[in-house]
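One letter stands for each residue in the lines below.
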Amino acid sequence: MAGLAAAAVAVGLGELVAVWTGPRSAPLIAVGGVVVDAVPEPVKAFAISVFGVYDKIALLVGTALLLAVFAALVGLAARRDFRWGVAGIALFGLIGAAAALTRPNAGPAAVLPSLLGAAAAVAVLHLLLRAAAAAEGVPEAAPAAPAARTPDQAASPQLAPDPVATAHGGPAGADRTAREAGRRRFLRLSVAGFGAAAVVGFLGRTLSARQGVQQARAEVKLPAPASPAPPLPDTVNPPVNGLSEFVTPNDVFYRIDTALVVPQVDPAAWQLRIHGRVARPLTLTYEQLLARPMIERYVTLACVSNEVGGDLIGNARWLGVPLKDLLAEAGPLDGADQVVSRSADGWTCGTPTAALRDGRDAMLAVAMNGEPLPVEHGFPVRMVVPGLYGYVSATKWVTELELSSFADFDAYWVRRGWAAQGPIKTESRIDTPRDGGTVDAGTVVVAGVAWAQHRGVTAVEVRVDDGPWQPADPAGTVSPDTWRQWTFRWDATPGPHTLAVRAADSTGQLQPETRLDPFPDGATGWHTISVQVR
């Protein structure tokens, strides 16, 4: 308990100090960031497949549990020799400080949360171990058997018991009372340590939140688009329970990135640099970007980690500045076949230059579904590129575009084995009925979504058991850059059944049957579910 309380104080104080040194310098966040960067790719893929958008929470919880085990061992070691406890805490502080220094844009002050937290932990551990020693005291001895009385002793009168000794139980009772008092003091000090850690940590998080950019975001005045999004056809959003909406609400739009702490980028200080292999480097402020002509488009984004039938995909209405116009002003030089975008947190992404200049609605987005970008989705500015998986196109909190080449630079995920270029594959999904669900016999509406961004879905087919493929009814859409909802009316008979779906894109290519994992360039395969009809 002494080790755990000391570690809690170290983490809590680290959170408070990180208010001034930057949130990524807090011990748990710094170490977690190193884990994200260093963990083998199969482990990351497993975490995303199991935890989905909650992978960061799972990582922080796991890191905290490992720290708790380490802290308990430190406490046990310090009970034998306090120097071992000091060494363990020093190791914790040095690991946290070293991790903080590896974070992008970290300065010398980044070591302070871990080092000051470690110093406080040593003091708390010393105080609690002293209290623990007093609480343990000397083990209570078993009472000795009374000696046989001699005839003379038996004949002599017995002395009355000492009332003071009786009240305190004699020497053994006094030891027991002292130990109980020591235990109470130890527990009070331990609870005080945990309480202080919670209060200080909460205060640190609260102060960090107040330094955020939500107020600045609320004050943003979005311009009217020079080219508005086309109106949605009446056939979108068929009235089927369980079918994904055509437009995904911001608060449920999937989020996959490497940021354990969401970057807080002040739009007043934001700048975008376009440089590298260009004839005319550019630097834009947020105000200058908002002053440019904007387009508004519906675009579906998808994560390359999305499994067949997965939900790491969403469709939104984006407002932004066309990237082709900015690149035309900068003038890419010969050989600049890759645009390396950098996030405020140091993450890198490599996008084919051709994909940003071929006429598709690639943009620097400033708004999502009619409001400024949510902070979690890249406020103040992010990239949106139709037809490419997010790891090669959808940089959030973007601050830099460097014209380079694929031969000269590998971006974050490419270094970890993912394909350098990630065009989105044709896929489809059954939303309702759910896999393993039960439905009533008769007409059952099967529904879902299909996507082949920048090519467009032209047909969807459903198969029941081993029967023939039958055409589904695709709902309307506004461009080939969005998913399409679809429905299929099935005359369901009692018993177990298997349903499968596949789609075709505008090139005539059918979605392949072969099931492939997401690594290294996206999953393939038919989404298949089992249903019981009663």
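Cut-offs and rules
Residues numbered from 1 in each chain as written. Predicted model: local features only at pLDDT ≥ 70, side-chain atom pairs only at ≥ 80, totals over all residues. Heavy atoms only, no water. Core = buried A, V, L, I, M, F, W, Y, C linked by side-chain atoms within 4.5 Å. Buried < 20%, exposed > 50% of the residue type's maximum accessible area, 1.4 Å probe, protein only. pLDDT = per-residue confidence, 0-100. Contact = heavy atoms within 4.5 Å. Axes fitted to C-alpha atoms, helices over the stretch in contact; angles between N-to-C directions. Helix = DSSP H or I, 4+ residues; strand = E, 2+ residues; numbered from the N terminus. Left-handed = near helix turned anticlockwise from the far one by under 90°. Nonpolar A, V, L, I, M, F, W, Y, C, P; charged D, E, K, R; others polar. Phe/Tyr/Trp six-rings, centres within 6.5 Å; stacked < 30°, edge-to-face > 60°. Parallel < 35°, antiparallel > 145°, perpendicular 65-115°, else oblique. Pairing = 2+ DSSP bridges.

Colleague: Break down the nonpolar core for me, citing the residues and quoting the values.
Modeller: Counting 79 residues, the largest nonpolar core has Trp318, Leu364 and Val366 as the members making the most contacts within it. Counting 23 residues, the second-largest nonpolar core is a separate cluster that includes Ala6, Val74, Ala118 and Val124.

Colleague: Give me the lowdown on the confidence of the model for the chain, citing residues and values where you can.
Modeller: Across the chain, the average pLDDT comes to 90, with 93% of residues at or above 70. Predicted confidence for residues 138-169 stays below pLDDT 50, and this span has 13 contacts to residues more than four positions away or in other chains.

Colleague: Go over the packing of helix H2 (residues 27-38) against helix H5 (residues 82-101) with me, naming the residues and quoting the values.
Modeller: The geometry of H2 relative to H5 is characterised by a closest axis approach of 8 Å and an angle of 65° between their N-to-C directions. You can see that H2 and H5 cross each other, and the crossing is left-handed. Between H2, through Pro27, Ala30, Val31 and Val34, and H5, the contact on the second element is made entirely by Phe92, Ile95, Gly96, Ala99 and Ala100. For the contact of H2 with H5, the residue count by class is eight nonpolar, one polar and no charged.

Colleague: For the packing of aromatic side chains, give the residues involved together with the corresponding values.
Modeller: All chains considered together, the criterion is met by 10 aromatic pairs. Ring geometry for Phe253 versus Trp318: centroids 6.0 Å apart, planes at 85°, classification edge-to-face. Taken together, the residues Phe253 in the loop between helix H10 (214-218) and strand E1 (271-276) and Trp318 in strand E4 (residues 313-322) connect sequence positions 65 residues apart. The pair Phe253 / Trp318 is uniform in exposure class, with both members buried. Between Trp270 and Tyr286, the aromatic rings sit 6.2 Å apart at their centres with planes inclined by 85°, giving edge-to-face as the arrangement. Here Trp270 is found in the loop between H10 and E1, whereas its partner Tyr286 is found in helix H11 (residues 286-290), with 16 residues between them in sequence. Note on Trp270: relative accessible area 2%, which makes it buried.

Colleague: With reference to specific residues and values, describe the side chain of Thr351.
Modeller: As for its placement among the helices and strands, Thr351 is situated in strand E6 (residues 348-352). The class of Thr351 is buried, set by a relative accessible area of 0%. When sequence neighbours within four positions are dropped, the list of residues in contact with Thr351 reads Asp337, Gln338, Val339, Leu356, Met383, Leu388, Val392, Ser393 and Phe406.

Colleague: Any chance you could break down the packing of H5 against helix H6 (residues 112-136) for me, citing the residues and the numbers?
Modeller: Running from N to C, H5 and H6 point in directions that differ by 160°, and their axes come no closer than 8 Å. Relative to H6, the element H5 is oriented roughly antiparallel. In the packing of H5 onto H6, the handedness of the crossing is right-handed. Between H5 and H6, the contacting residues are Phe82, Gly85, Val86, Ile89, Gly93, Gly96 and Ala97 on the first element and Ser114, Leu115, Ala118, Ala121, Val122, Leu125, His126 and Leu129 on the second. Broken down by class, the residue content of the contact of H5 with H6 amounts to 10 nonpolar, five polar and no charged.

Colleague: Before we move on, can you summarise the pairing of E1 with the specific residues and values?
Modeller: Of the strand pairs in this sheet, E1 and strand E2 (residues 282-285) are connected by four bridges, and their pairing is antiparallel. Within the sheet, the bridge partner assigned to Arg273 lies in E2 and is Thr283. Where E1 hands over to E2, the hairpin turn is made up of five residues, counted between the paired strands. Note: E1 against strand E10 (residues 398-404), four bridges, orientation parallel. Directly across from Ile274, in E10, lies its bridge partner Leu401.

Colleague: Give me the lowdown on the sheet that holds strand E12 (residues 438-439), citing residues and values where you can.
Modeller: Across the sheet, which stays open at both edges, the five strands sit in the order E12-E19-E18-E14-E15 with mixed pairing between neighbours. A single partner strand is all that each edge strand has here, and the edge strands are E12 and strand E15 (469-471). Where E12 and strand E19 (residues 527-533) come together, two bridges link them in parallel fashion. Looking at E19, one finds that Thr438 is bridged to Gln532.

Colleague: How would you summarise the side chain of Thr258 if you had to cite specific residues and measurements?
Modeller: Within the secondary structure layout, Thr258 lies in the loop between H10 and E1. Sequence-distant contacts of Thr258, that is, excluding residues within four places in its chain, are made with Val36, Lys56, Asp345, Trp347, Tyr412 and Trp413.

Colleague: Describe unusual backbone geometry, listing the residues and the values that go with them.
Modeller: In this structure, Pro380 follows Phe379 across a cis peptide bond, with omega equal to 10°. Residue placement: Pro380 occurs in the loop between strand E8 (371-372) and strand E9 (382-384). Phi at Asn369 is positive, roughly 55°, even though this residue is not glycine. Along the chain, the position of Asn369 falls in the loop between strand E7 (363-368) and E8. Positive phi is not limited to glycine here, since Asp465 has a value of about 55°. If you trace the backbone, Asp465 turns up in the loop between strand E14 (457-464) and E15. In this structure Asp465 comes out as partly exposed when scored by relative accessible area, which is 31%.

Colleague: Provide a residue-level description of the pairing of strand E17 (residues 484-492), including the pertinent values.
Modeller: Counting buried positions along E17 gives seven out of nine residues, so the element sits mostly inside the fold. Two elements, strand E13 (residues 442-451) and E17, share nine bridges in a ladder whose sense is antiparallel. When the sheet's bridge partners are listed, Gly442 is paired in E17 with Ala492. When strand E16 (residues 473-474) meets E17, the two strands line up antiparallel, connected through two bridges. What sits directly across from Asp473, in E17, is Thr487.

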